Structures are given as C-alpha cells and as structure tokens.
Amino acid sequence: MIRPGLIIGPLAIATTMIVAILAPEISPHSPYRSSVDMLALPSPAHLLGTDDLGRDIASRVIYGARTSLTIGFGATIVAMAIGIPLGLTAGYIRGRVDTVLVALIDLFIALPGLVLALIITVMVGPTLRNLVLVLGFVMWPPIARLVRGQALAVRETVFVEAARAIGGSRAWIIRRHVWPNILPVVASQFAVSVSFAIFTSASLSFLGLGIPAPTADWGGMVRSGYDYLAINPLMSLAPGAAVTFTVMGFYVFGASFK
Amino acid sequence: MCVMVPTALLVTALLFCSVNGLLGSPAAMMLGQDASPQTIAELDAEYGFDQPLAVQYMRWLGEALRGDLGRSYTTRQSVAQAVGNSLPVTIELAVWSILLATSLAIVLNTIPTARLLITRTTAAVNVVGITVPNFMLGISLIFLFSVELQWLPTTGWAPWSDGVITHLRHIIMPVLTLSSYYFGVFSIVYRAELHAVTRQMFIRVAQAKGLGEWRVAFRHAMPNAILPVITFVGISAGQLAGGAVVTETIFSMPGIGRLFVRSIETHDFPTMLAVGMLIVVSVVLMNLLADIAYTIANPQIRFDP
C-alpha cells in the first residue's frame, strides 16, 4: 500500500513550486502597486480582497511563494553543505574530529532554533541573503548528527571492509560506498529541513524580523493582517494558510519517505 | 550538565557582541540621532561602553551571577524585576500546554481501535499539529472564537486575582496554540512505542486471560509505552521556548517571550541578554530534568554519572 503522504506531499510541493515559477503570469495584479481601494473585501476584481495599502492580497500570496521557497531551499542547501561533510568525516574517520563534532552538535542542539535565529538575525539584519545563511547555520547540527549516525553504521558493513581490503582510499570509499547508502535518508531529511526553514522564517517574519517591506512575504503578511482581522480576515488567514500548506507538503513528503 | 555552561556562555557572548559590535554603541542608541559625539562619549564612559568587549562581558557575567542583571535602557526598571514579573506567566503557559499535550496524546492514542479510518485520522491530526505554525493557529482561533463567535477575549492577560473564570478565558487559546505542536510530536513518539509494546508477550497473556481490550490498553500497554514521551518533553523544551515567544506575541501575554521580542525591537540590550540567557539555561535544565525523570520512572536504568 502506498503511503498517502507520498501523494499529498509531492502534490503540495509541486503546486507551490508552479505557483512560484508562474507568479508573474498567474497573479491578477502587481503585488506591490497600492491603490485607494484599501481593505476591500473579496470581489471578482480582488479574489481575496486588498490589504491596508490597497494591494491585491491574492497576488501577494502568489509572489510570497517565491520568497518562502527561496528561503526554504536556500537555507537547507546551506545547512546540508555544512552538515553532510562534517557528518561524513566524523562518522567515517572517527577519532578526534568525531569527539569535537559531537560536542559541538550537542551544544547547538540544546539551543532553541527559533530563539537562536532571532538573536543572529538581529545581529546581521534581516535581508534575504542573511536569512538564508542564518537559518542554514541554525539547521546544520541535526543534519550532521543524522549523517554521522548513518556513516557509523555503513562503516561497519562487509562491503566497506571489502573496499578497504582492496586498497581503496578513504575519499573513494566515502564517495562510492558510504555516501550512496546514506543518500535516501538525506533526501528525506532535505524535505523535512525545507519545511522547518519555511516554518521558522515565517515565524521570524511574524515577529517582525523577516524580509523588510514591501517584499511579499507570508509571515510578514500574517503579521500586518493581524490588526485588521475584524475587517478582512483573509489579509492574515490567506498567507497563513499558504505557509501551512507548504510546510505540511514538505513535512509529509519527508516523513513518509523514510 | 557539562553542555549547559558553555552553551550559556556562548549565547550570552554572541548577544553581547551583536549589540555592541554591530548595532553600534548602546549610548548612541539611548540618546537618539541628535546627540552630539561628546555626550555619547560621556555616557559611554559612565556605563563602561568604551572598554574592550571582553572586559565588559566579564563584568556583566560577574554581576549576572550575583543576581544583578542591570537596568532596562527603555523603562529604567530593574531587569531582574521585569524578568521576575514575566516568568510566572510563561511558566503557567508552558505547564498547561505540556500537560494538555501529553495527556491528550497519551489518552487519544491508547484508545483501542482497529479501524483504519480512525488510525488514519489521528495520524493526520498529528501531522497538522506539527506543521501548523503557531501564529496561524493562534490567529485562526482568535478569528473564530473572539471575532466571529465573540466567546473569548481576543488578547491580553488576566491574573488569577481577577477570578478563575476570567483567568482561564484568557489563557485557553494560548494554551491550545502552544500545545498543538507537542500534541503531534508526543503522539508520534508514543504511538511508535505503543506499537512495539503491544507486540510483546505480556500483552498477549493479558488478552488470553480474557481481559477487555480497554483494560489491556490502559493498564498493561500504556504504562510501558510512556517513557519515551517523558524524554521528549525535555528534548522539545527548546521548541517550547520558540513557540512561547510566538504565542505570547500573538496573544499579547506579558511573559518572557514577549519581553524578549520587545527588548529586540527597542534594542534594550540588558533585557535581551538576561532573557536570552534565561531561555538557554532553562532549556538545558529541562533536558536535565527529563533525564532524571526518566531514570526515576524506569527502574531498569540506573543513573550512571
């Protein structure tokens, strides 16, 4: 029986990605152009109404997919670029590298991710590039831990022993024998990490530390719509639903992939 | 324990450098844009901002360890006092949320059911609990129960002295918001363990004796599957801190999380440092407590320092 997550997850991910890529074609209005028609309720002209500056909410939600996916994928790639090499070396070579890395991972994992991201974002300033780097920096320890554990297990297998026996170099064994066996686990972790990055960046934006205005950014939109909940709730709820949909898609896919 | 000290030091040092090094002199920030360089320098000297960062950091650390967290730059109030006022709010929020999440996760998942539909529904609810961002859930609850139905007050805080009902009416939505993630996580951990436990011999024996399925589930399986959840309460303490920051901001609760966000917004350096350190220390402490609770709950494990 196929797991429902393997259908729902990719569908949700594909939807968000298509929306992000086709944003200029499918959005009915410019996400930035304001008008005098402020806080309008949903109408045929503005499917989700307009925000406090008269901008079309639907278009902003559509463009927000670009921001979220950029941060989600960007941060995950940064985290993987740090976590995978560290995890592989520590798990396969062991020794002092391993001891130091495990201590470092333990130290980082004890820290609350959102709070740490909050602190560093204040420090470096919330720009798109900085958010990607900050989240990547916050997210690498669990990845390194996962890869290390897997590498430790693969290291003890007979085929790695055979590879060592025929005189294979460390780098070659890691590349040809260890890494391909870890790949499926890393792929599943990739999806979960993207969902975490989008979740966390949206939370940061909601707290006022996201991408500065006027960029269409879901977390920031939820925050600014919060004050107008009684007038046009969609200003807040529509981008909120978009975040939830995307986070859920990546999470469900990653979790059922394992 | 050995992780706690370096972690706390690292984070406070990080915070220290962030404000001093990158945001400029706190004195310039306190005096505003119109201040002359001379007045800034005077204030710098008065507070010791002109000294090397390492010296300033050691001095702050020394005072903090003696319970003196300095004074807020914005309210001029003692930071220790502000933290002391906010702490009970956050602790109450966290305790209710963890209690609600663990008891719901354990009871709902123990109920014996062989129906695929029900199992699938619970699995879906768990995923929703984990993936719905706190701010989305909180705002949806406010929209539904405060704006549309007008059953509950939107935001704010009422202490116990305002009456039990008023107090609970203010805290119910924040608790629901914060507990959803934990409900999902605890459920997944508990279900996996329960699944392993129900395959063991003693469950078959209990069934063979003719005990009802509810009795087998709650008296025999549940107590043996609860342990990993206890550990997870500790492990997820970090997430709880992050969740509390968002939840308190949504519901304007005067807790530690909102104090932290506000101190960041206003560049209130001493408050930021104190709260940042408090969060890290309590997270590490929660991990330690979970370890201890685990050894107490499971006599098979003897604590081996």
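Residues numbered from 1 in each chain as written. Chains lettered and ligands numbered in written order. Predicted model: local features only at pLDDT ≥ 70, side-chain atom pairs only at ≥ 80, totals over all residues.

Could you give me a rundown of the overall build of chain B, with the residues and numbers involved?
A count of helical and extended segments in chain B gives 14 helices and 0 strands. In sequence order, chain B lays out its α and β elements as α-α-α-α-α-α-α-α-α-α-α-α-α-α. Among the 305 residues that make up chain B, the fraction classed as buried is 36%. Of the contacts formed within chain B by residues at least 6 apart in sequence, a portion of 70% connects residues at least 24 apart. (Helix = DSSP H or I, 4+ residues; strand = E, 2+ residues; numbered from the N terminus. Buried ≥ 20, exposed ≤ 12 C-beta atoms within 10 Å, placed from the backbone. Contact = placed C-beta atoms within 7 Å.)

Tell me about the overall build of chain A, and please be specific about residues and values.
Each helix and strand in chain A was counted, giving 10 helices and 0 strands. Order of helices (α) and strands (β) in chain A, N terminus to C terminus: α-α-α-α-α-α-α-α-α-α. Each of the 258 residues in chain A was classed as buried or not, and the buried ones make up 51%. Taking as baseline every contact in chain A between residues at least 6 positions apart, the subset at least 24 positions apart corresponds to 72%.

If you had to explain the interface of chain B and chain A to someone new, which residues and values would you point to?
The interface of chain B with chain A comprises 37 residues on the first partner and 33 residues on the second. Listing elements by their share of the side of chain B that touches chain A, those giving two or more residues are helix H1 (4–22), helix H6 (116–131), helix H7 (134–148), helix H12 (237–250), helix H13 (256–265) and helix H14 (269–297) of chain B. At 8 residues, the largest contribution of residues to the side of chain B that touches chain A is made by H1 of chain B. Grouping the constituent residues of the side of chain B that touches chain A by class yields 26 nonpolar, 10 polar and 1 charged. (Nonpolar A, V, L, I, M, F, W, Y, C, P; charged D, E, K, R; others polar.)

Residue-level account of the packing of helix H10 (residues 234–257) of chain A against H7 of chain B, with values.
It is at 9 Å that the axes of H10 of chain A and H7 of chain B come closest, and there the two elements cross at 140°. For the element pair H10 of chain A and H7 of chain B, the recorded crossing hand is left-handed. Two secondary-structure elements touch here, H10 of chain A through Ser236, Leu237, Gly240, Val243 and Thr244 of chain A and H7 of chain B through Phe135, Met136, Ile139, Ser140 and Phe143 of chain B. Looking at the contact of H10 of chain A with H7 of chain B residue by residue, the class counts come to 6 nonpolar, 4 polar and no charged. (Axes fitted to C-alpha atoms, helices over the stretch in contact; angles between N-to-C directions. Left-handed = near helix turned anticlockwise from the far one by under 90°.)

Go over unusual backbone geometry with me, naming the residues and quoting the values.
For arginine 94 of chain A, which is not glycine, the phi dihedral falls at a positive 60°. Positive phi, normally seen in glycine, also occurs at serine 252 of chain B, with a value near 45°.

Talk me through the environment of isoleucine 256 of chain B; I want residue IDs and the actual numbers.
Residues and elements named next belong to chain B. Along the chain, the position of isoleucine 256 falls in helix H13. You can call isoleucine 256 buried: it has 28 C-beta atoms within 10 Å. Dropping the residues within four chain positions of it, isoleucine 256 is found in contact with Ser86, Leu87, Thr90, Val275 and Leu278.

Report on the packing of helix H7 (residues 158–165) of chain A against helix H8 (residues 170–206) of chain A, specifying residues and quantitative values.
Residue and element names in this part refer to chain A. Following both chains from N to C, one finds H7 and H8 inclined at 155°, their axes separated by 10 Å at the closest point. Between H7 and H8, the angle is such that the two are roughly antiparallel. For the element pair H7 and H8, the recorded crossing hand is right-handed. Along the contact surface, H7 presents Phe159, Val160, Ala163 and Arg164, while H8 presents Ile173, His177 and Val178. Across the contact of H7 with H8, the residue classes tally to 5 nonpolar, 1 polar and 1 charged. (Parallel < 35°, antiparallel > 145°, perpendicular 65-115°, else oblique.)

Mind laying out the confidence of the model for chain B, listing which residues take part and the relevant values?
On average, residues of chain B carry a pLDDT of 79, and 86% of them reach 70 or more. Our summary of model confidence lists the complex with pTM equal to 0.85 and ipTM equal to 0.82. (pLDDT = per-residue confidence, 0-100.)

Just give me the short version of the nonpolar core, but keep the residues and values in it.
Generally speaking, soluble globular proteins have nonpolar side chains that are buried together. By size, the foremost hydrophobic cluster in this structure holds 141 residues, and its most contacted members are Leu118, Leu135, Met139 and Ile143 of chain A together with Phe186 and Val245 of chain B. Apart from the residues within four sequence positions on either side, valine 245 of chain B is in contact with Leu114, Val115 and Leu207 of chain A together with Gly257, Phe260 and Val261 of chain B. (Core = buried A, V, L, I, M, F, W, Y, C linked by C-beta atoms within 7 Å.)

Tell me about the environment of alanine 165 of chain A, and please be specific about residues and values.
Residue and element names in this part refer to chain A. In this structure, alanine 165 sits in helix H7. The exposure class of alanine 165 is exposed, given the 9 C-beta atoms found within 10 Å. It is 49 Å that separates the C-alpha atoms of alanine 165 and threonine 121, two residues lying 44 residues apart in sequence.

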